[in-house]
Amino acid sequence: MTSVRVERLYKIFGPQPTEQVRRLDEGTDSADLPEGTTAAVVDASFSVREGETFVVMGLSGSGKSTLIRMLNGLLTPTSGKVFVDDADITAMSGRELRTMRQQKMSMVFQHFALFPHRTVLDNAGYGLQIRGAPADEINDRAREALGMVGLEGWEQRYPQQLSGGMRQRVGLARALAAQTDVLLMDEAFSALDPLIKREMQDQLLELNAQLGKTIIFITHDLNEAMRLGDRIAVMRAGRIVQIGDSEQILSEPADDYVAEFVQDVDRSRVLTAGSIADPSAAAPDGVAPVAATAPLRDLFDRIGRDGPLPVVDAQRRVIGVVTPQAVFAALSHRVEYEEA
Ligand SMILES: Nc1ncnc2c1ncn2[C@@H]1O[C@H](COP(=O)(O)OP(=O)(O)OP(=O)(O)O)[C@@H](O)[C@H]1O
């Protein structure tokens, strides 16, 4: 499996980009750089573990697409390094980069990037075709990937005969057929209707529970980030302002910008029984426990009926008790950023 590591990455658009990196390093604010300069990514560092889903979240223009395009070498950083496994891709030739992409990273785009005159099957096999795979293998793997995303029977259709959700399934199948360890997904579900979007998110979670790919997913939607991400990096004006899991982002936003995003999150889906369990309370007798990983929304029925519930960890050891009062408090909590 493949991991991705980024060290002090910068991308400056405009004249004398290296000089602007030096000025930013010395503490100059991005807004004070010369006219015509955009500091699209500033001093980004993080590691994505093998098999992790790492979400990059931020408003439009915060630098997400620029960042993801540097991860697979489509854009050259102004400075900094990107390691895919242990290879520094910023030192690779164009040819080495193409090979690396074909073998290790597939990209799924927002607007599907399908070829209108190719069948669904040909679209799904495209990544393998440019890699020069034998026709039989392309056919088998494309069919298998289409099966994984629920499109068997649609192989001979054309993209315009499909709905938006189905087209994005073809985009996903193409990435899966390439059998790369890493999937880069740039606003992959953003163009879809809310219900279809949710279906696609569920499908991705389900598929990846089996496939265990390393996924780097870009979105401007914090609810989506929290549903999909093991960890989330929040970007603002080119900088990563916070990296953490959903509960950390929700409970300890790093600044006002993150706190503002957090107001719109459905806390009942993100907060878990484990996160609000009181470890010192006595567990009620004869009441069936709930898992520490259960989201609060799944407790409403039980807690209304049975009152306080014992909470157990993966080994079924009781780690605390969740009370109706604690659930209300957690859901009504308004997160304010408190300066240390
Ligand atoms: N080729 C380019 N030349 C000049 N400026 C660019 C270029 N590409 C991006 N930018 C600028 O860099 C900043 C970051 O853009 P980027 O597309 O990475 O943001 P984003 O968070 O992905 O936003 P969106 O969701 O709208 O795509 C923006 O100010 C954008 O205008």
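Predicted, not measured: the structure shown is a model, and the values here were computed from it.

### Section: the site of the ligand
Okay, step 1: Surrounding the ligand, one finds Phe13, Thr38, Ala40, Leu59, Ser60, Gly61, Ser62, Gly63, Lys64, Ser65, Thr66 and Glu187.
Okay, step 2: Measuring from an oxygen atom of the ligand, one finds a backbone N or O atom of Gly61 at 2.7 Å.
Okay, step 3: With respect to the ligand, the backbone of Gly63 contributes an N or O atom lying 3.0 Å from an oxygen atom.
Okay, step 4: Computed on the free molecule, the ligand has an accessible area of 630 Å², of which 56% lies beneath the protein chains in the complex.
Okay, step 5: Examining the composition of the shell around the ligand, we find that three residues originate from one element, helix H2 (residues 64-71), more than from any other.

### Details of the packing of aromatic side chains
Okay, step 1: Here the structure, examined in full by the defined rule, presents four aromatic pairs.
Okay, step 2: In this structure, Arg5 packs its charged tip against the face of Phe83, placed 4.2 Å from the ring centre.
Okay, step 3: Taking NZ or CZ as reference, Arg118 lies 5.1 Å from the ring centre of Phe115, over its face.

### Examining H2
Okay, step 1: Burial within H2 is extensive, with six of its eight residues counted as buried.
Okay, step 2: When H2 is considered as a whole, its buried residues turn out to be Lys64, Thr66, Leu67, Ile68, Met70 and Leu71.
Okay, step 3: Immediately downstream of H2, the backbone of Gly73 shows phi near 80°, a positive value.

Cut-offs and rules
- Residues numbered from 1 in each chain as written.
- Predicted model: local features only at pLDDT ≥ 70, side-chain atom pairs only at ≥ 80, totals over all residues.
- Heavy atoms only, no water.
- Near = heavy atom within 4 Å.
- Polar contact = N/O pair within 3.5 Å; in protein donor to acceptor, adjacent residues only side chain to side chain.
- Areas by Shrake-Rupley, 256 points an atom, 1.4 Å probe, with all protein chains shown as cover.
- Helix = DSSP H or I, 4+ residues; strand = E, 2+ residues; numbered from the N terminus.
- Phe/Tyr/Trp six-rings, centres within 6.5 Å; stacked < 30°, edge-to-face > 60°.
- Lys NZ or Arg CZ within 6 Å of the ring centre and 35° of its normal.
- Buried < 20%, exposed > 50% of the residue type's maximum accessible area, 1.4 Å probe, protein only.

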